[in-house]
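The residues making up each chain are set out below.
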Amino acid sequence: MDTITTDHVATLYGKYEDDLRAARDAQRRFLADRGPSMKAQLDDYEAEITYLLLRDLRPEVVVEIGTFYGWSTLWILRALRDNGAGRLHSFDIVDHVVRNVPTELAEDRWSFTQGDVRDHLDEVPTDVDYLFVDADHGARFAHWYVDNLFPRVPAGTPTSVHDVFHGRRPKPFSEGAVLVKWLAEKNVGFFTPSPAKAPDVIHQLAFVKQELGLDEPVRHSDHNPMVYFNLP
Ligand SMILES: C[S@@+](CC[C@H](N)C(=O)[O-])C[C@H]1O[C@@H](n2cnc3c(N)ncnc32)[C@H](O)[C@@H]1O
C-alpha cells in the first residue's frame, strides 16, 4: 500500500458509508450504555480511518498494543467482523478490555495477552498484516518498538501509532518525537488526521462526512493525533 492520501480516505468514507454508519451507531450506543466507566481514547477521525483501512486492506492478522478499556479494540473487531475475516491479537498490562468486548464481536477472532508487551514479544505474531500501537507514550518505549517490534513485522506492514501529533510537532522526549525522527531517517512518509499537524486533512474529510451525513460526533474529542505509515 502506498502512503495514504486524504483523497484515498475520502473515497473509503464513500465506499463503506453504510457499514461505517452502523459501526458509529454501535460505538455510540456502547459508550452511552457504559457511561463514564468506559474510558475511550481514539478520537472519531482516527478511529474511523482505522476501521476504513481495515475494511479495505482485509488483513488476516492484526496486532493491537494498548487496549485500555477497549475502544480501539471494538473498532478493530467491528471491521474484522464486517469483513468476515481476520483475527486480532491484543496486548495490554491491564485487562479492563476483557469485560468490555461483547462475545458476538470476540467470537473466535480475538485473543488478549495481559502483561508488558516487551515481556511477550515472542507471542506477537510475525505474520502481521496490520499493526496498531497505542500504549506507553514515553521515548524509551518507542525506542524499544522501533528496535525490537518493527523488525519482527514484515516490511510494508500498514501501521498506525497514536498520540504523536497533539501539536504541530511531537512533544520533546516523547514516543512521537522518537517515531517521527525514525520515520524521517528511514525516509518513510506518513498520513495524519491531526488538525494541529495537517489542518487541510480534517477540513476535507469534515466536508466528506457532512455530505454523507456522518458528521454527528461519536465522541467529543478532536485531537486525532494518530499517524499511519507502512513499515520500511
Ligand atoms: C492510551 S491507552 C490505550 C487506549 C485504547 N487504544 C483506546 O482506544 O481506548 C494505553 C494503554 O497501553 C497500555 N500499556 C502501556 N505500556 C504498555 C506495555 N509496555 N505493554 C502493554 N501495554 C502497555 C496501558 O496499560 C494502557 O491501557
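Residues numbered from 1 in each chain as written. Predicted model: local features only at pLDDT ≥ 70, side-chain atom pairs only at ≥ 80, totals over all residues.

The name given to the protein in an unreviewed UniProt entry is Methyltransferase, and the organism recorded there is Streptomyces lunalinharesii.

## Considerations on the overall build of the protein
Our working definition: Labels follow the DSSP assignment, with helices taken as runs of H or I lasting at least four residues and strands as runs of E lasting at least two, numbered in each case from the N terminus. Within these notes, the globule rule equals 2.2 Å times the number of residues to the 0.38 power, and the radius of gyration is based on C-alpha atoms. Exposure is read from a count of other C-beta atoms within 10 Å of each residue's own; the residue is exposed at 12 or fewer, buried at 20 or more and partly exposed in between. C-beta atoms are placed from the backbone. Here, residue contact means that the backbone-derived C-beta atoms of the two residues sit within 7 Å.
Along the protein, the regular secondary structure elements total 8 helices and 6 strands. Element order for the protein, N to C, with α for helix and β for strand: α-α-α-β-α-β-α-β-β-α-β-α-α-β. The C-alpha atoms of the protein give a radius of gyration of 16 Å, which matches the 17 Å a tight globule of 232 residues would have. In terms of overall dimensions, the protein has a C-alpha envelope of 40 × 40 × 30 Å along the principal axes. Across the 232 residues of the protein, 41% fall into the buried class. Partitioning the contacts of the protein with sequence separation of at least 6, the portion at a separation of at least 24 is 81%.

## Examining the sheet that holds strand 4 (residues 130-133)
To keep it simple, the criterion reads: Strands are labelled as partners when DSSP assigns at least two bridges between them. Axes here mean lines fitted to C-alpha atoms, for a helix over just the part in contact, with angles spanning 0 to 180 degrees between N-to-C directions.
The 6 strands are arranged 3-2-1-4-5-6 in an open sheet whose pairing can be described as mixed. The strands lining the two open edges of the sheet, one partner per strand, are strand 3 (110-114) and strand 6 (227-230). In this sheet, adjacent strand axes meet at a mean angle of 15 degrees when their direction is disregarded. Here 4 bridges tie strand 5 (residues 158-161) to strand 6, and the two strands are oriented antiparallel to one another. Pairing of Pro158 across the sheet is with Asn230, part of strand 6. Seen against the sheet, helix 4 (residues 71-83) touches strand 1 (61-65), strand 2 (87-92), strand 3 and strand 4 and runs at an angle of roughly 175 degrees to strand 1.

## Some thoughts on the site of the ligand
In plain terms, the rule: Any residue whose C-beta atom, as placed from the backbone, lies within 6 Å of a molecule or strand is termed near it.
In the neighbourhood of the ligand, 20 residues make up the surrounding shell, with Gln41, Gly66, Trp71, Ser72 and Asp136 lying closest. Of all elements in the fold, only helix 4 and strand 2 reach the threshold of two or more residues within the shell around the ligand.

## Overview of the pairing of strand 5
This is how it is decided: With the strands pointing away from the viewer, any crossover whose connection runs clockwise from the first strand over the helix to the second is right-handed.
A two-sided burial pattern is seen for strand 5, the buried positions comprising Pro158 and Ser160 on one face and Thr159 and Val161 on the other. Where strand 4 lies against strand 5, 3 bridges are found, and the strand directions are parallel. In the strand pairing of strand 5, Leu131 is matched with Thr159. Where the polypeptide runs from strand 4 across helix 6 (residues 139-149) and back to strand 5, its parallel neighbour, the crossover connection is right-handed.

## Some points on the packing of helix 6 against helix 7 (residues 175-185)
Quick reminder of the rule: The hand of a helix crossing depends on one turn: near helix anticlockwise from the far one by less than a right angle means left-handed, and clockwise means right-handed. Think of it as three bins: nonpolar holds Ala, Val, Leu, Ile, Met, Phe, Trp, Tyr, Cys and Pro, charged holds Asp, Glu, Lys and Arg, and polar takes everything else, Gly as well.
Direction vectors running N to C along helix 6 and helix 7 enclose 35 degrees, while the axes themselves pass 7 Å from each other. Once helix 6 is placed against helix 7, the crossing between them reads as right-handed. Contacts from Ala139, Phe141, Ala142, His143 and Val146 of helix 6 reach helix 7 at Glu175, Ala177, Val178, Leu179 and Trp182. Residue composition of the contact of helix 6 with helix 7, by class: 8 nonpolar, 1 polar and 1 charged.

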